[in-house]
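In case you want the letters, here they are:
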Amino acid sequence: MPERIVPPRRKGRRHRGAPKKGGEGLQDPARSGAPGPDATPDLAPGLAPDRVPRARRGKRLWRWLKRLLVGLLFLLGALAGLVWYAYETTAIPAPNPSTLQQSNVYYWSDGSVMATHGSVNRVNITLDQVSVPVQRDFLAAENADFYHDSGVDPTGIVRSLVNMVQGHQLQSGSTITQQFVKNSYLSQRPTIGRKLQELLIAVKIGDVYTKPQIFTGYLNTSYFGRDAYGLDAAARAYYGVGTSELTVSQGAFLAATVNEPSLYQNVDSDARARVKAVARWHYVLDRMVKDGWMTAAERARYPDSAFPTPRPWIRAALTGQTGYLYQLATDYAQQHAGLTDQQLAHGGYHIYTTFDRTLTEQLAAAVTKEMASAADPKDRKNLALQAGAASIDPTTGRILAVYGGPGWDKGAYNDIADSAGLQAGSTFQPVVLAAALTHGAVRKPGTAPSAVSPDSVFNGNNDIEIYGPNGFPLRKPGRNAGPLLEQNDRYVSWGELSLRSAMQHSVITPYVQLGEDVGYPAVKSTAEALGALSGSLASDSADFYAGSSTISPIRLASMYGTFADQGLHISPYSVTRITYNGLPLSGLTAPAPVRAVTPAVSGLVTGLLEDAASKDGTGRRTASLQRSKAGKTGTDDLYHPDWFVGYTGGLATAVTMFTTDTIHPGLSPVGTNVGSDFPTEAWTAFTARALQGKPDLPLVGSAVATPEPTSPRP
């Protein structure tokens, strides 16, 4: 019988009902009473059969949850450590250089803003300059809990990051503190890295700045559209007022612009922008009510019809005469306050000028009207007519108004009012007369200077020889040149006539001879004492006495103003004070009056200028001005500008007009016979409007006869 092969016993746990070791083989479960493969195992009383697998699964789930919880705690701990490390190692950087830049603000004489200028249109303010209702406008619009939060809004940040991850535009989700950090220390790029850095610095910034300081920084660095950085620049760009003058309604709109400045800046001209702006404006005001800063009754005052529509957006800041005034004030500030280009480029200076807004507008109107009258459509040359003018207060030296040209915005950058390229012509005659009255004149060679009077008689003919101090006729420059023959305006010969008549009719030859008799040093020193700049005076020649010096309208007005102020000269100035960070700069004391000529001399000159401005003089076009006046037209020859320079008791003004000539180099008068009439009429129209309603102050003439020379000749 073959040997039986027994399979090896499987190692492991013995199942219930299996034969014990050493048993007699397998038994039939049915016969042995052991459970079969489909039998239900014995259970504890009351335990349902289907609960066993679920309990086992619960244990396995609990073990998995415990492991997950431990992992999460580990990750959170690691994340907390990373955040702590990032917080500790994140330093508050230096502010962005651009946030430190400001505009320089220039003010009219009445304290209103004339212009702002700088690489960044910003004027920093302090929080006390912002009314509480306007402050609440911004809090309601951006961060009502600003004074109580930690500087961050976790919910808003999570929302912003989710949008970024999903590919949407990164929204701000930022508190006022975060926006201040972004504006002052970080870039404007919408990235996760920048957002996380913003969060860390926002939390940390509270250790460095107080809440009011952060709020002030936010208001000064936010962009409002219309090239305006900061609330003050925005107030001026949208409403033409300073920060302290904003209403709660205007403040609500400006708070809204921070949300979408590129859209809301066009609210005055874009219907879509207006619809959104009105909705956002309502939102801010509604939030004011919700936050308890405005009552329902107060809110009811602001329906759609009360929306504070901004004024039109004027992009060019230095238009019309403003550019010339800005340059005059800037030059004066640099010369007298020591400001450098770099300092002015940094900004933050408040420059208060002497310029009168109303007088500036009136002067421009008077000049441009006469330019239109002088421009003959049949004369192409006169279509290129140009003009310059300046008006000062003779008793203070303040420059009140200028007309420098059509404006920088018209491409005319040269300020004719301050130009040193215009020959004075016969407006220089009062200077020669004042020098003669002060120093005397040598009427005969080899004799001492003798007194000269307005009634002294000279040869007034055309094409006459001029004699030098040695008694010999002057000769033209150059070898073998002939004698110098001086000419009158329009080549008219007047015969023998007094200096008074020569002044009245603008006869040139008597004053050229008088100048030679007085001498170049005496006339030059008198011109400088009266207010002419030394560099503008011509060299020693007969033409010097005929008015070849190039004196600007500002300086000619100042020189005539010296006669108006009884011989006291006050240097013309354009800036009264400058402040920086609220502190005044030194070096801006108003110029003191200096005696240029005696009251007797100035009185005699004034008497002759009154005759010149009478109905019988070349200034006859001033006859319509029914008040005391004195002045002189200025002509020389066909290739020099026309002038009228004159003064009343409270105003000294110079006006010049000229054209360019394509044939002859240099300048040309407006017309051959009546050119000076146009500046005369402009002077008259301006002076009448400027002094309307003011009392007529009589001019002080000399009550004595011709004075003896009081100063030795230089």
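What counts, and where the lines are drawn
Residues numbered from 1 in each chain as written. Predicted model: local features only at pLDDT ≥ 70, side-chain atom pairs only at ≥ 80, totals over all residues. Heavy atoms only, no water. Helix = DSSP H or I, 4+ residues; strand = E, 2+ residues; numbered from the N terminus. Buried < 20%, exposed > 50% of the residue type's maximum accessible area, 1.4 Å probe, protein only. Contact = heavy atoms within 4.5 Å. pLDDT = per-residue confidence, 0-100. Patch = residues over 30% accessible without salt bridge, like charges linked within 9 Å, V, L, I, M, F, W, Y side chains within 5 Å. Areas by Shrake-Rupley, 256 points an atom, 1.4 Å probe, with all protein chains shown as cover. Salt bridge = Lys/Arg side-chain N within 4 Å of Asp/Glu carboxyl O. Lys, Arg positive; Asp, Glu negative; His and termini not counted. Charge placed at Lys NZ, Arg CZ, Asp CG, Glu CD. Pairing = 2+ DSSP bridges. Phe/Tyr/Trp six-rings, centres within 6.5 Å; stacked < 30°, edge-to-face > 60°. Lys NZ or Arg CZ within 6 Å of the ring centre and 35° of its normal. Expected span 1.5 Å × (residues − 1). Axes fitted to C-alpha atoms, helices over the stretch in contact; angles between N-to-C directions. Parallel < 35°, antiparallel > 145°, perpendicular 65-115°, else oblique. Left-handed = near helix turned anticlockwise from the far one by under 90°. Nonpolar A, V, L, I, M, F, W, Y, C, P; charged D, E, K, R; others polar. Core = buried A, V, L, I, M, F, W, Y, C linked by side-chain atoms within 4.5 Å.

Broken down by element type, the protein carries 24 helices and 17 strands. For the protein, with 714 residues in total, the buried portion stands at 48%. Expressed as a percentage of contacts within the protein between residues at least 6 apart in sequence, the contacts between residues at least 24 apart total 70%.

The next subject is helix H10 (residues 248-257). H10 sits mainly inside the fold: 10 of its 10 residues count as buried. Within H10, burial applies to Val248, Ser249, Gln250, Gly251, Ala252, Phe253, Leu254, Ala255, Ala256 and Thr257. The inward-facing, buried residues of H10 contact helix H4 (132-142), helix H9 (231-239), helix H11 (261-264) and helix H12 (271-290).

This next bit is on the confidence of the model for the protein. With 77% of its residues at a pLDDT of at least 70, the protein reaches an overall mean of 83. With pLDDT under 50 throughout, residues 1-7 is counted as low confidence; its partners more than four residues away or in other chains account for 0 contacts. Of the regions scoring below 50 in pLDDT, residues 168-172 engages in 13 contacts with residues more than four places distant in sequence or in other chains.

Let's shift gears to a positive patch on the surface. Where like charges cluster on the molecular surface, the positive patch consists of Lys59, Arg60, Arg63, Lys66 and Arg67. Here arginine 67 lies in helix H2 (residues 51-89).

In total, this model carries 17 salt bridges according to the counting rule given. A salt bridge links aspartate 149 to lysine 211; the shortest N-O distance between them is 2.9 Å. With aspartate 149 in the loop between H4 and helix H5 (154-165) and lysine 211 in helix H8 (residues 211-221), this pair connects stretches of sequence that are 62 residues apart. Side by side, aspartate 149 and lysine 211 carry an identical accessibility label, which is buried. Put simply, arginine 443 and aspartate 517 hold a salt bridge, and the shortest N to O gap is 3.8 Å. Placement of the pair is arginine 443 in the loop between helix H17 (429-439) and strand S6 (457-459) and aspartate 517 in helix H19 (residues 509-518), with a sequence separation of 74 residues. A single network of salt bridges, built from pairs that share partners, joins Arg620, Arg621, Asp677 and Glu681.

With 5 of its 5 residues buried, strand S5 (residues 399-403) lies for the most part within the structure. In this sheet, S5 lies alongside strand S4 (residues 386-392) in antiparallel orientation, the contact comprising 4 bridges. Counted as the bridge partner of alanine 389 is tyrosine 403 from S5. In sequence, S4 turns back onto S5 through a hairpin of 6 residues, with glycine 397 there showing a positive phi of about 85 degrees.

This model, assessed by the stated rule, comprises 25 aromatic pairs. Summarising the aromatic geometry, the rings of tyrosine 107 and tyrosine 352 are spaced 4.3 Å apart at their centres and angled 5 degrees between planes, so their arrangement reads as stacked. Taken together, the positions of tyrosine 107 in strand S1 (residues 104-107) and tyrosine 352 in strand S3 (residues 349-353) put the pair 245 residues apart, joining distant regions of the chain. With respect to class, tyrosine 107 is no different from tyrosine 352; both count as buried. Ring plane angle 70 degrees and centroid distance 5.2 Å describe the contact between phenylalanine 544 and tyrosine 545, whose orientation is recorded as edge-to-face. Of the residues examined, tyrosine 545 reaches a relative accessible area of 2% and is grouped as buried. Three or more aromatic residues link up through ring pairs in this structure, and these residues are Phe138, Phe146, Tyr147, Phe215, Tyr218 and Phe224. Positioned over the ring face of phenylalanine 146 is lysine 211, at 4.5 Å from the centre of the ring. The side chain of arginine 577 reaches across the aromatic face of tyrosine 352, ending 3.8 Å from its centre.

It is worth spelling out the environment of proline 593 at this point. With respect to the element layout, proline 593 can be found in the loop between strand S12 (583-584) and strand S13 (594-595). When the C-alpha positions of proline 593 and serine 571 are compared, they lie 7.8 Å apart, and in sequence the two are 22 residues distant. Apart from residues no more than four positions distant in its own chain, proline 593 is found in contact with Leu568, His569 and Ile570.

We now examine helix H14 (residues 322-337). Its 16 residues give H14 an end-to-end C-alpha distance of 21 Å, which sits within 8% of 22 Å, the value for a rise of 1.5 Å per residue. Taken together, the buried positions of H14 are occupied by Thr322, Gly323, Tyr324, Leu325, Tyr326, Leu328, Ala329, Thr330, Tyr332, Ala333 and Ala337. Positioned one or two residues after H14, glycine 338 has a phi angle of 75 degrees, which is positive.

What follows is about unusual backbone geometry. Of note, aspartate 227 is a non-glycine position whose phi angle comes to about 60 degrees, a positive value. For aspartate 227, the position within the fold is in the loop between H8 and H9. One non-glycine residue with positive phi stands out, namely asparagine 581, at about 55 degrees. Position of asparagine 581 relative to the elements: it lies in the loop between strand S11 (575-580) and S12. The exposure class assigned to asparagine 581 is exposed, which follows from its relative accessible area of 60%.

The next subject is the sheet that holds S11. The 5 strands are arranged S2-S1-S3-S11-S12 in an open sheet whose pairing can be described as mixed. What marks the edges here is a single partner per strand, and that holds for strand S2 (113-117) and S12. Pairing analysis gives 3 bridges linking S1 to S3, with the strands arranged parallel. Paired with tyrosine 106 across the two strands is isoleucine 351, which belongs to S3. Helix-sheet contacts for H14 involve S1, S2, S3 and S11, and the interaxial angle to S2 is about 75 degrees.

So, about the environment of glycine 701. Along the polypeptide, glycine 701 turns up in the segment after helix H24 (677-690). Using a relative accessible area of 39% as the deciding quantity, one classes glycine 701 as partly exposed.

The next thing to look at is the packing of H17 against helix H20 (residues 520-530). As a packed pair, H17 and H20 sit with axes 9 Å apart at the nearest point and diverge in direction by 110 degrees. Accordingly, the angle class assigned to the pair H17 and H20 is roughly perpendicular. At the point where H17 passes H20, the crossing takes the right-handed sense. Contact residues: H17 offers Val431, Val432, Ala434, Ala435 and His439, while H20 offers Ala522, Val523, Ser525, Thr526, Ala527 and Leu530. Its residues assigned to classes, the contact of H17 with H20 shows 8 nonpolar, 3 polar and no charged.

This next bit is on the nonpolar core. Nonpolar side chains in soluble globular proteins tend to be buried together. Within the largest apolar cluster, 84 residues are counted, with the highest numbers of intra-cluster contacts made by Phe428, Tyr511, Leu514, Leu556, Ile578 and Tyr647. For this core, the element with the most residues is H14, which contributes 8 residues. Apart from residues lying up to four places away in sequence, tyrosine 511 is in contact with Gln429, Val432, Leu433, Leu499, Ala502, Met503, Tyr545 and Leu608.

Right, let's talk about the pairing of S2 for a bit. Pairing of S1 with S2, which is carried by 4 bridges, proceeds in the antiparallel orientation. For tyrosine 106, the partnering residue across the bridge sits in S2 and is alanine 115. Between S1 and the antiparallel strand that follows it, S2, lie 5 residues; glycine 111 among them carries a positive phi value of about 95 degrees.

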